[in-house]
Every structure is written in structure tokens, then in C-alpha cells.
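An overview of the molecular structure
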Amino acid sequence: MALTSPVKEHPYSHLIDTLQDGRTKFYNPLKLNDPRYDKLPLSIRVLLEAAIRNCDGFYTKEEDIQNILDWQQQQTKAEVPFSPARVLLQDFTGIPAMVDLAAMRDAVAKHGVDPSLVNPKCPTDLIVDHSLQIDYSKCAIQNAPNPGGGDSQNQGPSRSTSSRPPSRGGAQCGGQRGSCSKAACSDPPASPGRPPVSVQQIENTPLLCPFHLKPVSETDTALKNQEMELIRNKERLQFFKWCSKAFKNVNVVPPDVGAVHQVNLEYLSRVVQVSNGFVFPDSVVGTDSHTTMINGLGILGWGVGGIESEAVMLGQPVSLKLPEVVGCKLVGSINPLTTSIDVVLGITKHLRQAGIAGKFVEFFGPGVSQLSAPDRTTIANMCPEYSATVSFFPVDQVTLKHFKKTNFTQEKLELLESYVKAVKLFRSYEDPSEDPQYSEVIEINLSSMVPYVSGPKRPQDRVAVSSMKKDFQSCLDEKVGFKGFHISKEKQSMQVPFLHCGQEYQLAHGSVVIAAVISCTNNCNPSVMLTAGLLAKKAVEAGLVVKPYIRTSLAPGSGMVTHYLNTSGVLPYFSQLGFEVIGYGCATCVGNTAPLPESVVDAIRQGDLVACGVLSGNRHFEGRLCDCVRANYLASPPLVVAYALAGTVGIDFEKEPLGVTTEGKEVYLRDIWPSREEVQQTEEDTVISSIFKDLRGRMKQGNTFWNNIDCPDSVVFPWDHKSTYIRSPSFFSKLSKEVPTPQSIESAHVLLFLGDKVTTDHISPAGSIARVSAAAKYLLSKRLTPREFNSYGARRGNDAVMTRGTFASIKLQNRFIGKPGPKTLHIPSGQTLDVFEAADRYQRDGIPLIILAGKDYGSGNSRDWVAKGPYLLGVRAVIAESFEKLHKNQLVGMGIMPLEFLPGENADSLELSGKERFTITLPESLSPKQQLTVKTSQGKSFLVTALFDTELDVIFFRHGGLLRYVARTLL
């Protein structure tokens, strides 16, 4: 697979020790007898153990161990390797990784090398969870399910609360498509909204099939969504199943088991691993920036790009500069009304302001003991939002107590506790004598936390719930920017009436049209989900309703969440308010929500309204949920329910009621908010080991569709050239055994002239494929209808689609164009074209391309196509004021140079129009952080810094990217 050193005695064999069981061996760093070990942050101790265990004199050398031990002096200076215990993939980012490995088998086979040698050396788990779309819900029934993910013209009915015949007879509504009545709203609701009904009525309120508008059993809502998911993604699933059989060390978790991070927490996490008789710390890298969620259980892990994960899969260690470790000291007591999400957003703001990008964060202090394991994983999940690499919570008694609930056997618990204590990876947070030395310490008082939401456009813009009404008003007033919408005063009070299923409603600025309790971030935390459920229960009992046009949904992270919501008795109340379980996987958060009712969309456009979405997720960039919903707020699950009940974000919960009962009684949020004691008692009664058995059962059982899928039985994948989902990419074309000499960039044109904060959503959208996009034109040429387009995320295994989808965001701000959209200027002709069409012209003319950008280029999710796409467009370099670290690494991994303007300089200060031609001369021998000269066709010259952090970065670049480097190790 990868280059290996000669077999010889392990240089640290003298550190091998045995646990008290007398059988299990481990490398004991304490036997180094080095006083520096006790002062190391515990996250650095994990790096040290991995380096000791994997020391081979080639990838990991003895000097690496000494550098880690000398962390206090070597942080930010020494480059060290890290070999994680496993790799975690989800299907959106996992499929291109597996497609690349399949293509690598083809490439090495052409050179006469046995293709079966291409296998992950590091255990790899691939969770299929990102392809779920919401076709069915108990809310206003979605437009007819679309096997291809395109728009539908049939507007479905709303939830009706009138009496209807029960429909418990099965999922099938019968008849052929179009054979039943289209009378969508024959039973108008008795009153605006959803009047409270009994649990018996809840159970008997039928779901209507959007194809036939006939009753479908409510319990089949998730099953019907899952069925649509499996049908539209059958081709991808066949490829995944081939991967699970063809590759060694690959475990594929089938669809509908759970979200990637939920499965990672509940099923894959071990804290300690055992292999070949040795025990060592569990650790992971994953193709999702929120892999850090696992840090909450004392497991070191973070997100990497797909190409970095492929290298780890193939036996390459992750190379990183020894990080600074920021100690986050938690003190004070948590307010009873403050949820863990409030703590999350509070810590996010503190750490974002502290400027800790690229650093490790390690929590300590007496306040940590107040946080449950789910609280910690929720906090760790938001790590990318303050740009840290990890947010590490060392193992303590709370962690051990958590694993007692999760079906860890007594033997496993004893092994875990014995090992972490033996190597001093166990913490007692109340004992300050155990505190290690940190690069710096940030103290956060938990008692200062109050309920917050985050938005309307960025996760770091927190708004106290008490100030929400005032803040939203200021957003309407402000100029268009990170918060403002610039709505004129005379239009701010506009109300637009519309009909929905025979009932008249009104929309205004601030009206909530999407309210989603979705997969990751919150659902791993029983306390916040139970708070939301108990709030829903009290709201129904108080006679409150949610307006039926609001697109409500509940997408739990796994069956575990549904289990405890059902066991606690709150699930029927969620359902009554419209928060129906729609399935398991990422949905609203990645733009997979169904279209809003046409009458709602028309009203929004008619009044140019700033409509709102409220979701308990981690991403909410403008236009991500729906292109007509401009303001989106991240909130805790109970606040999602509260704002859905209110129907607007323009409410002061302290002074204004959520609603009025049929008896005319005003109900305030404080009247129905459950106490902390009530939530904790419910959690203790329901969050028990049986809920983890449910997931394990789903893991073993799979589902009938997955179990019956046929897949090829071959060493190399038999590519179907007609496929629009799976294509062999061109990354290995003209692969030679020799390393080519770096070529200077001569007379390049600028493909895009971008500003600040260009996100990965701008570069590589994950949502639906617009009908007028370059990707749509390609799919239409393959005789697909818009119904069959599916999403960019689902088609990440097709380089032709993804290259055309690069820079296809409707929110892309290109200074060449002057307005948002996926367009650019083709400089030689002066024409405005789709980005792909312009790049294609440049490539046909043999003209290299660069991109000019501002600050924080590439912020956001970890997506490998944000580097692969520009590479296939012909981009050779990106010159920016600054880069998001993860994206910078991805560019290097694809052989694209990340070049940074010198401090104080940018495109404007250098008076660059972007229409010049640029030449970047490369020396024969590149070195990390080397300055290069850029010359323009206008006679200007300026310096930039090549952001190659390590010698390994330079090696990857010289090979033309990491993939070609790995392939050459096999040749």
C-alpha cells in the first residue's frame, strides 16, 4: 500500500506494560520517566501515545516523540505525524473518497500492479446518512415526491385537524398515480392553526399520500421518506455495497440507521481500542468538520478533507504542526432555564472572539462536572464554528457513568477505566493539582449564560432571546450585509394575505415559515430534546397551535432519539404541533427541505418579505434552507418549538404571549417552559441502556432494500458510462512514475474576483440543482428530467456534475458581475457566462486560471469538492488575504497553490482590476512559507506567501496533489 520501513525491533518496546488483568498490553508513556509528561495537556498526551506506538523510523521518528514531549517549547514550530485509530466517512463526502480509490485501482492496474493492493489500511466506517429528503411529513403535505429531487408543480394539502377516518391499515394508499381525487383541502380546519385534540385523535389523523391524496398511516411517515431515499439513490447504494465487499477494512452503515455523528457516538466510539493484544486511545478523523463532536467523550478527533482522509485510509499519518492548546476553564453554575445550546453558543462566541483558529481547545475547571456527556458532545460539535481544530473533554466520572448507560459491558468499562488511569488520561475536574499547563487559559462563567439564538445569516452572530424582537427590527433597518436586509421604513409593516387550504393567513417581515428540529448538533443531547418535547406537551395541553403553512419537521439523529421521545410520552405532542418524524439523516440543514407551499412563496415574493427559518442545526447561511427564506436562526429545540408557536421571530417572550387559547386566555412562554428538574427526571427515566440496544439492532438488521441490493463481484469497479451518479474521475490521467518538475504559472487569467467570507457553500453547493445551472444542462443532455436531478451532495460521485456545480451558488458575490449569482466574466470575449462555461473556454484555449479573494476564503463545512472542483476547472492558484485552515489544506492536497497577500496588502491596495494576466514564477526547490513573486501584464509586481506549512505539503504539491502521490507509492 504505502511505503514502509524495514522490519526491526520497535524503538519503544521498553515502554510496553501490562494492565491489571495480566493480559492486555499497552505502551506506557509514564515509563519514560519524563517530568514533562504530567504537564502536557491530555489531548497532546494522546498524540504522544500514537507517535510512540506507531514509531517506525520513517513516517514517525524518535525525534517526533521528543518534539511532542517538548510541546511547551515546540508548539507551532515542530511538525509531527498523527496516525488515528480509524476514519469516519459520511456518504456525501465519502462517495468521492471511495470513487477515487476505485479509480486508483484502475490506474495502478494499467501499470501492471495488482489492484487488490489498493485497500484502506486504517479501519474505515462509511455511514450513509446525507441522502434523506423530506417528501412526506404531517405538515402541509409536501409536493409530490420527486425521485430526482427537482421541483414539483403539485401543491399538497395542509394538516387538517378536523375529524377524519382512521387510517391504520398500512402504508399503501392504492391506485395508480393520478387515479384518485386531487381535492386537496376538502376538509378545512375548524379554526386558524391546529386546535388541540386528544392523543386518540392524534393517532387517527391520517397522513395523505402526495401522489394520490389518500390516507397513509402516520407511523409510516419516516418509512415513506426512507423508501423514496432508497429509490432515488439506488445506484449510489449499489456502489457502496460493492465497496463494502471489494475493499478490506471498510464497514458501510446502511441508510436509515442514523446520522453520522449519532452513529459515531452511540455505536462506533470506544474511548479505547484493542488490536493485536494492545490497548490504546480511540481516535478518529472524519470527512465532516463536525467530527469533533466525539471530543465530548474524551476521544480525539477532527474533520479533514476527503483527500486527507483517503491518505489516512491508505496508511499515511496526518501531518500537523504541534498545536497551541487553549485551556477553557469553566466556572460557575448553570442557570436552570439555560439549555446546553445556550452554553454552546455562549462558548462559541467567547472562543470565536479569542481568535483560536487552528488551535486545540481543552476544557477543565469545576464547571465541567456540571455538564453531562451529551452536553459536552453538543459543545464539541460546534468546534468548527469558532475555527478550533478540536474541543477536547478528557474522560472523567461523568464519561464513565455515561458509558454504563450505553451497553458497555462491565469488562469493557473496567478495561477503559484501568487504561485511562494507567496513562493519566483520566481527569478529576475538581482537583486543580491535575491541571496541565496550557498555551493560554480562557475562563468562562457558566452562570452568565442566558438563552440565545444565532443569526440571521451567520452562526457566530448571537442574539439574546430577550433582545430578539429589537435585533430583528435593526436587521431590517441595516444595509445589506452580514446581518442587514435594508428594508425601507414604509415597507417594514407590510402584511400580505394569502390562502392556504381555504383559510386566509397573513405573512409579514419576521414570519416563521420553516421550523425544523433536525439531525446533528442537538439530538445527541436528550435534555434539550426532552425540553422541547415537554414544551410541546404543555403547549398542546394549554390549547396552543402552530399555523399549518409553517414547514415543520423533526429529523432525529437516530432511532435512539425517537425511542426516548416515545418512551417519555412527548412524541404525540410533537406530532400534534406538526413536528412529525420524517426520517433519519441530514435534511433541512443541508438544504434538503421540500419546497414551501406556492401560496407562501408567492406572498413572500409579492411583499419582498424577509421570511424566517428557525432550526436546531449548525448551518444557516442565507438561502441555504430555501432561496426565498432570507433570515435563518439557529436555536435550541425548545426555542424552535416556541417560535413555531409564535409564528414570528418578532416577539418579546417576556411581554407578549405565544398565543391565545380558544377560551381567550393568553399563554406566555414562561407558563409552559418545563423546569430543569422536570427535564432531568424525565431524562433519568427514559435515557437508559435499552435505547442504545435499538441502534445496535438497526445496525445488525439493516433494511430489506439494502439487504436485497445486488452489486458487482469484481476487484475493479465496472464503471457504467451511462451513469450520472458514479463516474471514474480524471485525477489519475497521464499518471507517470516520475515526479514532474513544478511548472510556473504563465499569463493566467482570473476566473473569479471574490470578496471576504467566501464559504464552502459558495464554492461547492450541497443542495438542489437549479434548473438553469450548468449541472442541469449536463443532466438534461443525459435525458434526465428535473425530477431526476437529485442534489449536488447525492451526485458527488460524478465529477462532471460536481465540476459544473463548482461556484454554482446563487449567493456567490463575484466582483466582475456586481450582483449575486453563479456567473463570471470571460475576459478575452467580454461575455458573462456560467463559471463552468467560462472555465471550459479558458481550458480549451490552454489558458491557466487563478482566483482572487479576500479574507477567510473557504470557511465552512469540510468538502473535498471545494478543492477538486476548482482543480478540474483549471485553477492553478488562489490568491487571498487569508484562508480557512482546512480548506487551505484541501487546496494543497489537490495541487492548487494557496497564496496569501503580504500583511496589509490586498487586491484593492495593489489596485488590481482582476482583468490583468498574472505570472507566478516557481523556483526549482520550493520550501514551506516561501515568498513568491507575482507579475501582471500591466507591469505590476508584488509578493505573496505560499502557504505550504510543512515539507509534506510541498511534496504533495510537487506530485500534483495527494492522490497522485499515494498512487505513485504503489508504482
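This write-up is about the structure you can find in this document. Since the model is a prediction, treat every value here as computed from it, not as a measurement.

1. As for the overall build of the protein
When helices and strands are counted, the protein shows 31 helices and 36 strands. Classification of the 971 residues of the protein by burial places 64% in the buried group. Within the protein, counting contacts between residues at least 6 apart in sequence, those at least 24 apart form 76% of the total. Carbon and sulfur atoms make up 48% of the accessible area of the protein, which amounts to about 34,400 Å² in all.

2. Points about the nonpolar core
Met104, Phe239, Tyr857 and Ile920 are the most contacted members of the largest nonpolar core, which totals 217 residues. Of all the elements, helix α4 (residues 91-110) adds the most residues to this core, at nine residues. Residue contacts for Tyr857: discarding those within four places in its chain leaves Leu754, Val758, Ile763, Phe807, Ile851, Val878, Ala880, Ser882, Phe883, Glu884 and His887.

3. What about the packing of aromatic side chains?
Across all of its chains, the model carries 26 aromatic pairs by this definition. Here Trp242 and Phe717 contribute two aromatic rings whose centre-to-centre distance is 5.1 Å and whose plane-to-plane angle is 65°, an arrangement assigned as edge-to-face. Residue Trp242 is located in helix α7 (residues 234-246), and its partner Phe717 is located in the loop between α23 (704-707) and β28 (745-753); the two are separated by 475 residues in the primary sequence. Judged by its relative accessible area of 1%, Trp242 falls in the buried class.

4. Examining the pattern of salt bridges
What the rule picks out here adds up to 33 salt bridges. Across the pair Asp38 and Lys424 runs a salt bridge, and its minimum N-O distance is 3.2 Å. Here Lys424 lies in the loop between α13 (410-422) and β17 (440-445) and Asp38 lies in the loop between β2 (25-27) and α1 (42-53), a separation of 386 residues in the sequence. Owing to a relative accessible area of 34%, Lys424 belongs among the partly exposed residues under this scheme. Put simply, Glu417 and Lys421 hold a salt bridge, and the shortest N to O gap is 2.7 Å. Residue Glu417 and its partner Lys421 are located together in helix α13, separated by four residues, close to a single helical turn. Via salt bridges that share partners, Lys777, Lys823, Asp834 and Glu837 belong to a single interconnected network.

5. Some words on α13
Here α13 contains 13 residues, and its C-alpha end-to-end distance of 18 Å stays within 8% of the 18 Å for a straight helix at 1.5 Å per residue. Of the positions making up α13, those classed as buried are Leu413, Leu415, Leu416, Tyr419 and Val420. Looking down the long axis of α13, one finds its buried residues gathered within 165° of arc, a one-sided arrangement. α13 presents Gln410 and Glu411 as exposed residues on the side facing more than 90 degrees away from its buried surface. Its buried side turned inward, α13 meets β2, α1, β9 (272-275), β10 (278-281) and α12 (397-404). Immediately downstream of α13, the backbone of Lys424 shows phi near 60°, a positive value.

6. Let's talk about the pairing of strand β15 (residues 360-364)
Consecutive side chains along a regular strand alternate between the two faces of the sheet. For β15, the buried fraction is high: five of the five residues fall into the buried class. The alternating pattern of β15 places Phe360, Glu362 and Phe364 on one face and Val361 and Phe363 on the opposite face, and all of these are buried. By the bridge criterion, five bridges tie strand β14 (residues 325-331) to β15 in an arrangement that is parallel. For Cys328, the partnering residue across the bridge sits in β15 and is Phe363. Pairing of β15 with strand β16 (residues 390-392) involves three bridges; the strand directions are parallel.

7. Side note on the sheet that holds strand β31 (residues 849-852)
The sheet built from seven strands closes into a barrel, its strands ordered β28-β31-β32-β33-β36-β35-β34 with mixed pairing. For this sheet, the mean inter-axis angle between neighbouring strands, taken without regard to orientation, is 40°. Note that strand β34 (residues 918-920) and strand β35 (residues 931-936) share three bridges and pair antiparallel. Each residue of the ladder has a partner; that of Phe918, found in β35, is Thr936.

8. Description of the sheet that holds β15
Taking strand neighbours across the sheet as the criterion, the four strands line up as β16-β15-β14-β17 in an open arrangement whose pairing is parallel. The two strands at the open ends of the sheet, each matched to only one other strand, are β16 and β17. Here the average twist between neighbouring strands, direction ignored, is 25°. Its contacts with the sheet put α1 on β14, β15 and β16, and the angle it makes with β15 is roughly 125°.

9. With respect to the pairing of β9
Note that β9 and β10 share four bridges and pair antiparallel. Bridge pairing in β10 places Val272 opposite Pro281. The antiparallel hairpin formed by β9 and β10 contains two residues in its connecting segment, where Asn276 sits at a positive phi of about 55°.

10. With respect to the state of the cysteines
All chains considered together, the criterion is met by zero disulfides. We note that Cys612 lacks a disulfide partner, and the nearest cysteine sulfur, in Cys475, lies 9.2 Å from it.

11. Observations regarding unusual backbone geometry
Residues Gly455 and Pro456 are joined by a peptide bond in cis, for which omega reads 10°. With respect to the helices and strands, Pro456 occurs in the loop between β18 (452-454) and β19 (462-464). Positive phi, close to 65°, is recorded for Asn249, a residue that is not glycine. Topologically, Asn249 is positioned in the loop between α7 and β8 (250-253). Its relative accessible area of 41% is what places Asn249 among the partly exposed residues. One non-glycine residue with positive phi stands out, namely Phe807, at about 60°. The topology assignment puts Phe807 in the loop between α26 (799-805) and β29 (823-826).

12. Considerations on the side chain of Arg86
Looking at the element boundaries, Arg86 is found in strand β4 (residues 86-90). On the basis of relative accessible area, Arg86 is assigned to the buried category, the value being 3%. With sequence-adjacent residues up to four places away left out, Arg86 is seen in contact with Cys122, Pro123, Asp125, Asn264, Leu268, Ser269, Gln273, Asp282, Ser283, Val284, Val285 and Ile294.

13. So, the packing of helix α11 (residues 373-381) against α12
Following both chains from N to C, one finds α11 and α12 inclined at 110°, their axes separated by 9 Å at the closest point. Considering their axes alone, α11 and α12 lie roughly perpendicular with respect to each other. Along the contact surface, α11 presents Ala373, Pro374 and Arg376, while α12 presents Val398, Thr399 and His402. The residue inventory of the contact of α11 with α12, partitioned by class, reads three nonpolar, two polar and one charged.

14. Overview of the environment of Tyr386
With respect to the secondary-structure elements, Tyr386 resides in the loop between α11 and β16. Between the C-alpha atoms of Tyr386 and Ile347, which are 39 residues apart in sequence, the distance is 9.0 Å. Residues in contact with Tyr386, not counting those within four places in the same chain, are Thr348, Leu351, Arg352, Ile356, Ala357, Val361, Phe363, Ile379 and Ser391. Within the structure, the side chain of Tyr386 is placed 2.4 Å from the side chain of Ser391, a separation counted as a polar contact.

What counts and how
- Each chain has its residues counted from 1, following the order in which its sequence is written.
- Local features in this predicted model are restricted to residues whose pLDDT is 70 or higher, and side-chain atom pairs enter the listing and the counts only when it is 80 or higher, whereas totals over whole chains, interfaces and linings include all residues.
- Values shown for side chains rest on all heavy atoms present in the structure; no hydrogens or waters enter the calculation.
- Helix and strand assignments come from DSSP, with helices taken as H or I runs of at least 4 residues and strands as E runs of at least 2, each series counted from the N terminus.
- The classification of residues rests on relative accessible area computed with a 1.4 Å probe and restricted to protein chains. Under 20% of the type maximum is buried, over 50% is exposed, and intermediate values are partly exposed.
- By definition, residues are in contact when any of their heavy atoms lie within 4.5 Å.
- All accessibility values rest on the Shrake-Rupley procedure with a 1.4 Å probe; residue burial counts only the protein chains present in the view.
- Residues belong to a common nonpolar core when they are buried Ala, Val, Leu, Ile, Met, Phe, Trp, Tyr or Cys residues joined through side-chain atoms within 4.5 Å.
- In this analysis, rings of Phe, Tyr and Trp, with Trp reduced to its six-membered ring, are considered paired at centre separations within 6.5 Å, and the interplanar angle assigns stacked below 30 degrees, edge-to-face beyond 60, and tilted for intermediate values.
- A side-chain nitrogen of Lys or Arg and a carboxyl oxygen of Asp or Glu constitute a salt bridge if their distance falls within 4 Å.
- A helix is expected to span 1.5 Å for every residue after the first.
- By arc we mean the arc of the directions from the helix axis to the C-beta atoms, nothing more.
- Between any two strands, pairing holds if DSSP finds at least two bridges.
- Structural elements are reduced to axes, namely lines fitted to C-alpha atoms, with helices fitted over the stretch in contact, and the angle between N-to-C directions of any two is expressed from 0 to 180 degrees.
- For the purposes of this analysis, a disulfide is any pair of cysteine sulfur atoms at a distance within 2.5 Å.
- For classification, angles of less than 35 degrees are called roughly parallel, those exceeding 145 degrees roughly antiparallel, those between 65 and 115 degrees roughly perpendicular, and all remaining angles oblique.
- Residue polarity follows a fixed list, in which Ala, Val, Leu, Ile, Met, Phe, Trp, Tyr, Cys and Pro are nonpolar, Asp, Glu, Lys and Arg are charged, and the others, Gly among them, are polar.
- Any N or O atom pair separated by 3.5 Å or less is treated as a polar contact, with the protein-specific requirement of one donor-capable and one acceptor-capable atom, and with residues adjacent in sequence counted only for side-chain atom pairs.

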